[in-house]
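# Chains, contacts and geometry: an overview
Here is how the chains run, residue by residue.
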Amino acid sequence: TQLLEQSPQFLSIQEGENLTVYCNSSSVFSSLQWYRQEPGEGPVLLVTVVTGGEVKKLKRLTFQFGDARKDSSLHITAAQPGDTGLYLCAGTLYNFNKFYFGSGTKLNVKP
Amino acid sequence: DTGVSQNPRHKITKRGQNVTFRCDPISEHNRLYWYRQTLGQGPEFLTYFQNEAQLEKSRLLSDRFSAERPKGSFSTLEIQRTEQGDSAMYLCASSMKPWLQTYNEQFFGPGTRLTVL
């Protein structure tokens, strides 16, 4: 069983729509990271959230860390075709040693 | 270029052959991680190093897989007697947790795509 569950697994939307991707766990994390990955490339770090309840914004992307530090969400406003990719969440427990990854959300934004 | 680099980017081999991949982390990073990723899935942890010490190895990793980081800088991942099920993207990442920082961040290389025929 995976420590982090991501939903939805697939998302296909039209340009201009909004979307939210969820990352949930029953474990408490010291931090959560969100990555975006394009085909044939390595994941690129978008953001790290550390404090329970924290909200971070990166242009049209809004990231939230749950109050209990067990879940996180990524909201994209007015999606663009350039947002297409695999979105991954990853978390570290309090020993900082390992990163646990979700299974990813594959986003396709149609022009 | 100060990012993580991996070589080769692509490797095609026949079943039963040995392959070796190299990862050069960001220069000041003391932790180095190897992952395997199949299409459309999240990365699966294989092993990680702190400096030259291999601190953890996944139970999913068979004894055909071995990794080294001899001087605490670059690392190699070797797969012996490759099988078709080994076909995947092999990703390397590095991190450095500053002393006063409460969280860790890792940065990935571009990966090595292995195809076993």
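### Remarks on the environment of Gln33(A)
All names here are of chain A. The residue Gln 33 is located in strand β4 (residues 31-37) in this model. Given a relative accessible area of 0%, Gln 33 falls into the buried group. When the C-alpha atoms of Gln 33 and Val 49 are compared, they prove to be 6.4 Å apart, with 16 residues separating the residues in sequence. A polar contact of 3.0 Å, which involves the side chain of Gln 33, links it to the side chain of Ser 31.

### Notes on the interface of chain A and chain B
Tallying the contact residues gives 20 residues for chain A and 24 residues for chain B. With both sides pooled, the region where chain A packs onto chain B buries about 1,900 Å², and carbon together with sulfur makes up 57% of that total. Arg9(B) is paired through a salt bridge with Glu41(A); the nearest N and O atoms lie 3.6 Å apart. Our count for the contact surface shared by chain A and chain B stands at 7 residue pairs in polar contact (both at pLDDT 80 or more). Counting only elements with at least two residues in the side of chain A that touches chain B, the list comes to β4, β5 (44-49), β9 (85-92) and β10 (99-101) of chain A. Per-element accounting of the side of chain A that touches chain B gives the leading share, 4 residues, to β4(A). Classifying every residue of the side of chain A that touches chain B by side-chain character gives 9 nonpolar, 9 polar and 2 charged.

### Side note on the environment of Gly91(A)
Residues and elements named next belong to chain A. Positionally, Gly 91 belongs in strand β9. The class of Gly 91 is buried, set by a relative accessible area of 0%. With 68 residues separating them along the chain, Gly 91 and Cys 23 place their C-alpha atoms 9.8 Å apart. In contact with Gly 91, not counting residues within four places along its chain, are Leu 4, Phe 29, Ser 31, Leu 32, Gln 33, Lys 98, Phe 99 and Tyr 100.

### A short note on the sheet that holds strand β1 (residues 5-7) of chain A
Residues and elements named next belong to chain A. If you walk across this open sheet you meet the 5 strands as β1-β3-β8-β7-β6, and the pairing is antiparallel. Edge positions in the sheet fall to β1 and β6 (55-58), since each has one partner strand and no second. For this sheet the average axis-to-axis angle between neighbouring strands, irrespective of direction, equals 15 degrees. In terms of strand pairing, strand β3 (residues 19-24) meets strand β8 (residues 71-76) through 6 bridges, oriented antiparallel. Looking at β8, one finds that Cys 23 is bridged to Ser 72.

### Some words on the state of the cysteines
Residue and element names in this part refer to chain A. Taken as a whole, this structure holds 2 disulfides over all chains when the rule is applied. Each sulfur in the disulfide pair Cys 23 and Cys 89 lies 2.0 Å from the other. Judged by the sign of its S-S torsion, about 75 degrees, the cystine formed by Cys 23 and Cys 89 is right-handed. With Cys 23 in strand β3 and Cys 89 in strand β9, this pair connects stretches of sequence that are 66 residues apart.

### Notes on the pattern of salt bridges
Counted under the stated rule, the structure contains 9 salt bridges over all chains. Where Glu54(A) meets Lys56(A), a salt bridge forms, and the shortest distance between an N and an O atom there is 3.7 Å. On the basis of relative accessibility, which here comes to 29%, the residue Lys56(A) falls in the partly exposed class. In this structure, Asp86(B) engages Arg64(B) in a salt bridge whose closest nitrogen and oxygen atoms are separated by 2.8 Å. Of the two residues, Asp86(B) is situated in the loop between β8 (75-79) and β9 (88-95) and Arg64(B) in the loop between β6 (53-57) and β7 (65-68); the sequence distance between them amounts to 22 residues. By the burial criterion, Asp86(B) is buried, and Arg64(B) matches it. Salt bridges sharing partners connect three or more residues here, namely Arg64(B), Glu83(B) and Asp86(B).

### Overview of the layout of surface pockets
The volume enclosed by the largest pocket comes to roughly 560 Å³. Elements supplying a minimum of two residues to the lining of the largest pocket: β10 of chain A together with β5 (44-50) and β6 of chain B. For the lining of the largest pocket, the leading source of residues is β10(A), giving 3 residues. Classifying every residue of the lining of the largest pocket gives 7 nonpolar, 7 polar and 5 charged. In this structure, the second largest pocket is lined by 19 residues; those nearest its centre are Glu38(A), Pro39(A), Leu86(A), Leu39(B) and Gly40(B). Of the residues forming the lining of the second largest pocket, the biggest block, 3 residues, is contributed by strand β11 (residues 105-110) of chain A. For the lining of the second largest pocket, a count of residues per class yields 6 nonpolar, 9 polar and 4 charged.

How each quantity is defined
Each chain carries its own residue numbering, running from 1 in the direction its sequence is written. Working convention: letters from A go to chains and numbers from 1 go to ligands, in the order in which they are written. Confidence filtering applies because this is a predicted model: local features only for residues at pLDDT of at least 70, side-chain atom pairs given and counted only at 80 or more, and all residues used for totals across whole chains, interfaces and linings. Side-chain numbers come from the whole structure's heavy atoms, not from hydrogens or water. In this text, helices come from DSSP runs of H or I with a minimum length of four residues, and strands from runs of E with a minimum of two, each type numbered from the N-terminal end. Think of it in three bands: with a 1.4 Å probe and only protein chains considered, a residue is buried below 20% of the maximum accessible area for its type, exposed above 50%, and partly exposed in between. Polar contacts, as counted here, are pairs of nitrogen or oxygen atoms within 3.5 Å of one another; within protein the pair requires one atom able to donate a hydrogen and one able to accept it, and residues that are adjacent in sequence qualify only if both atoms are side-chain atoms. By definition, residues are in contact when any of their heavy atoms lie within 4.5 Å. Here the buried area means the combined drop in accessible surface, using a 1.4 Å probe, for two parts upon being joined, counting both sides. The term salt bridge refers to a side-chain nitrogen of Lys or Arg lying within 4 Å of a carboxyl oxygen of Asp or Glu. Residues were grouped as follows: Ala, Val, Leu, Ile, Met, Phe, Trp, Tyr, Cys and Pro as nonpolar; Asp, Glu, Lys and Arg as charged; and all remaining residues, including Gly, as polar. Strand pairing follows a simple DSSP-based rule, namely that at least 2 bridges must link the two strands. Geometry is summarised by axes, namely lines fitted to C-alpha atoms with helices restricted to the contacting stretch, and by angles between N-to-C directions that run from 0 to 180 degrees. By convention in this document, the label disulfide applies to cysteine sulfur atom pairs within 2.5 Å. Using only the protein atoms, space was sampled on a 1 Å grid; points where a 1.4 Å probe fits but cannot get out form cavities, open sets with protein on both sides within 12 Å along at least five of seven lines form pockets, and lining residues are those with an atom within 4 Å of a point. Grid points are joined across faces, edges and corners, and a volume is the space filled by probe spheres set on the points.

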